[in-house]
Amino acid sequence: MRRRSIALAGASWLALAGVAAAQADKPGGTPEKDPFDRFKDIPLTTDGAVSLSLGGQVRIRPEFSRHPVFGLAAPDHNNGLLIRSFLSADLKLGPYLRAFVEIVSGQAPIWAGTPPGTQLDRLDLRQGYGELNLPVAAGSLMLRGGRQEMSFGSSRLISVRDSPNVRRAFDGVRGAWVTSPDTRIDAFLVRPVVPLSGLFDDKSDPAQVFWGVYGTSPVPGIPGLKADLYYLGLNRENARFAQGTADEHRHTVGARLFGKAGGFDWNLEGAWQFGNFGRADIQAWMASAVIGYSFADLPLAPRLGLNADAFSGDRNLGDGKLGTFNPLFPRLPYFSEANLVGPANLMNIQPNITLTLLPKVRLTLGWNPLWKQEKADAYYGPAITPVARTAGGAGRYLGHQLSTTLEWSPSEHLTLGGTYVAYQPGERVSRAGGVSGSFTAGWATLAF
């Protein structure tokens, strides 16, 4: 069975590579007509007021993981093959109404043990919503209800979570007031969707309610600078931190500044959290920065970057306060495709360089040391749960990881890539039984 799956994956990679070659520009610089245009804006009425657009994606992703989470997670080795397929239909009913449906199939023919619902979901509704768009003064108003994806800002706190087979979705309502392509205010009230492995059995999580308001706009008078302001609320039953397990009622307020000028780019964000965890008061925070400079005139057009993050931890597990930051629904993996650590009770830096080897080929190299923000709190794994035997101790240093990622986009629809991550534990994690490990993955994605 495994040999058959590997052979199928190899044939799929060859087929996708053939599509890449077919879609490449013709010699002489004349682009070919996009073969997928025929699936877009198909008129269903003579006047074109009712139209249908079809879309989809196929992704093949082999993974090889040795000692995940510094060997503190099971299984100790996991060589997996992930196959993801999306198919969507976007029906426009005149200028104001829209209905969108997207079906997902996530297969894991090679996986150690029982795959989670994020990797094995045989067939299910990934998105399905109705949308109303109305012209209003100085812009438009969008109202949407149903199952939908959400991603805001730089996806630090709300993301679609693209690496697994099944991306994150929410059930609920969302509205947006849009006054320009760069200026909008969104509001939502939703429950996250729990992916399950069967046929059309995904469901809303009854233990979580999530709501918020998110605004973004250019900063007046400062060219190239934009800002986000947001409030996010979460009620979660039986939340688990190193302090224990209790119901969590958490509020997050934050801001982000981002933009580009000259060769510089920047993305700075900070947030404060308050509320209750059982009988404990929540007082938590985060600060994050991504800064880079691109040397466009140099060979390989290098971009030198520096990422730095700090996510608060709990200083005292028994003082009636919870200081551990909750990243809510972040992009995962967060710091590398190895999914080594979650963004809670953490400090890290990541100097990195990106080289453009060819016009559509990029290589990124990075080094990422990791520390606890507070000694008393635990090291949190990729599921944002405390790793056993890591609370307390004398040191903060968790370890470090070296990562390299190569990605090629031969056409608008096709992406080929791969990554290798090697990691080594620090003294604190070694005392808990942590060991060195590595992660390797490749992917081919065809989307239309």
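Residues numbered from 1 in each chain as written. Predicted model: local features only at pLDDT ≥ 70, side-chain atom pairs only at ≥ 80, totals over all residues. Heavy atoms only, no water.

Chemist: A description of the overall build of the protein should follow, citing residues and the corresponding values.
Modeler: Tallying secondary structure elements over the protein gives two helices and 21 strands in all. Relative to the compact-globule value of 22 Å for 448 residues, the protein shows a C-alpha radius of gyration of 23 Å, a close match. Along the first, second and third principal axes, the C-alpha atoms of the protein reach 70 × 55 × 50 Å. With 448 residues in all, the protein has 47% of them scored as buried. By sequence separation, contacts in the protein at least 24 residues apart represent 58% of the contacts at least 6 residues apart. In the form shown here, the protein has an accessible surface area of approximately 20700 Å², with 62% of it arising from carbon and sulfur atoms. In the protein, which carries 44 positive and 38 negative side-chain charges, the distance between the mean positions of the two groups comes to 4 Å. (Helix = DSSP H or I, 4+ residues; strand = E, 2+ residues; numbered from the N terminus. Rg over C-alpha atoms; globule rule 2.2 N^0.38 Å. Buried < 20%, exposed > 50% of the residue type's maximum accessible area, 1.4 Å probe, protein only. Contact = heavy atoms within 4.5 Å. Areas by Shrake-Rupley, 256 points an atom, 1.4 Å probe, with all protein chains shown as cover. Lys, Arg positive; Asp, Glu negative; His and termini not counted. Charge placed at Lys NZ, Arg CZ, Asp CG, Glu CD.)

Chemist: Explain the packing of aromatic side chains to me, and be specific about the residues and the numbers.
Modeler: Counted under the stated rule, the structure contains 22 aromatic pairs. A centroid spacing of 5.1 Å and a plane angle of 15° characterise the contact between F36 and F448, whose relative ring orientation is stacked. Remark: F448 occurs in the segment after β21 (437–447) and F36 occurs in the loop between α1 (2–23) and β1 (42–43); sequence separation between them is 412 residues. Judged by relative accessible area, which is 14%, F36 ranks as buried. Centre to centre, the rings of W371 and Y397 are 6.0 Å apart; their planes meet at 55°, and the pair counts as tilted. With W371 in strand β18 (residues 361–371) and Y397 in strand β19 (residues 397–408), the pair connects residues that are 26 residues apart, well separated along the chain. The class for W371 is partly exposed, based on a relative accessible area of 29%. A cation sits over an aromatic face here: R144 above Y129, 4.2 Å from the ring centre. Its end group placed over the ring of Y334, R331 keeps NZ or CZ at 4.7 Å from the ring centre. (Phe/Tyr/Trp six-rings, centres within 6.5 Å; stacked < 30°, edge-to-face > 60°. Lys NZ or Arg CZ within 6 Å of the ring centre and 35° of its normal.)

Chemist: Can you lay out the pairing of strand β8 (residues 183–194) for me, pointing to particular residues and giving the numbers?
Modeler: The pairing of strand β7 (residues 170–180) with β8 spans ten bridges and is classified as antiparallel. Bridging from a neighbouring strand, D171 pairs with R191 of β8. Hairpin remark: β7 followed by β8, antiparallel, with two residues in the connecting loop. Pairing geometry for β8 and strand β10 (residues 208–218), over seven bridges, is antiparallel. Residue pairing across strands places R184 opposite T216, the latter belonging to β10. The pairing of β8 with strand β9 (residues 203–204) spans two bridges and is classified as antiparallel. (Pairing = 2+ DSSP bridges.)

Chemist: Explain a nonpolar patch on the surface residue by residue, including any values.
Modeler: Together, L93, Y96, L97, L134, V136, W177, I185 and V213 give the surface a local cluster of nonpolar side chains, amounting to about 650 Å² of exposed area. Here W177 lies in strand β7. The class for W177 is partly exposed, based on a relative accessible area of 39%. (Patch = residues over 30% accessible without salt bridge, like charges linked within 9 Å, V, L, I, M, F, W, Y side chains within 5 Å. Salt bridge = Lys/Arg side-chain N within 4 Å of Asp/Glu carboxyl O.)

Chemist: Describe the nonpolar core, naming the residues involved and giving the relevant values.
Modeler: The biggest cluster of nonpolar side chains holds 48 residues, and the ones touching the most others in it are M150, I158, F188, F210, L232 and Y379. The element contributing the most residues to this core is strand β11 (residues 225–241), with five residues. The residues touching L232, leaving out its near neighbours within four places in the chain, are L157, I158, F188, F210, W211, G212, R250, H251, T252 and L328. With five residues, the next largest nonpolar core counts F36, L414, L416 and A444 among its residues. (Core = buried A, V, L, I, M, F, W, Y, C linked by side-chain atoms within 4.5 Å.)

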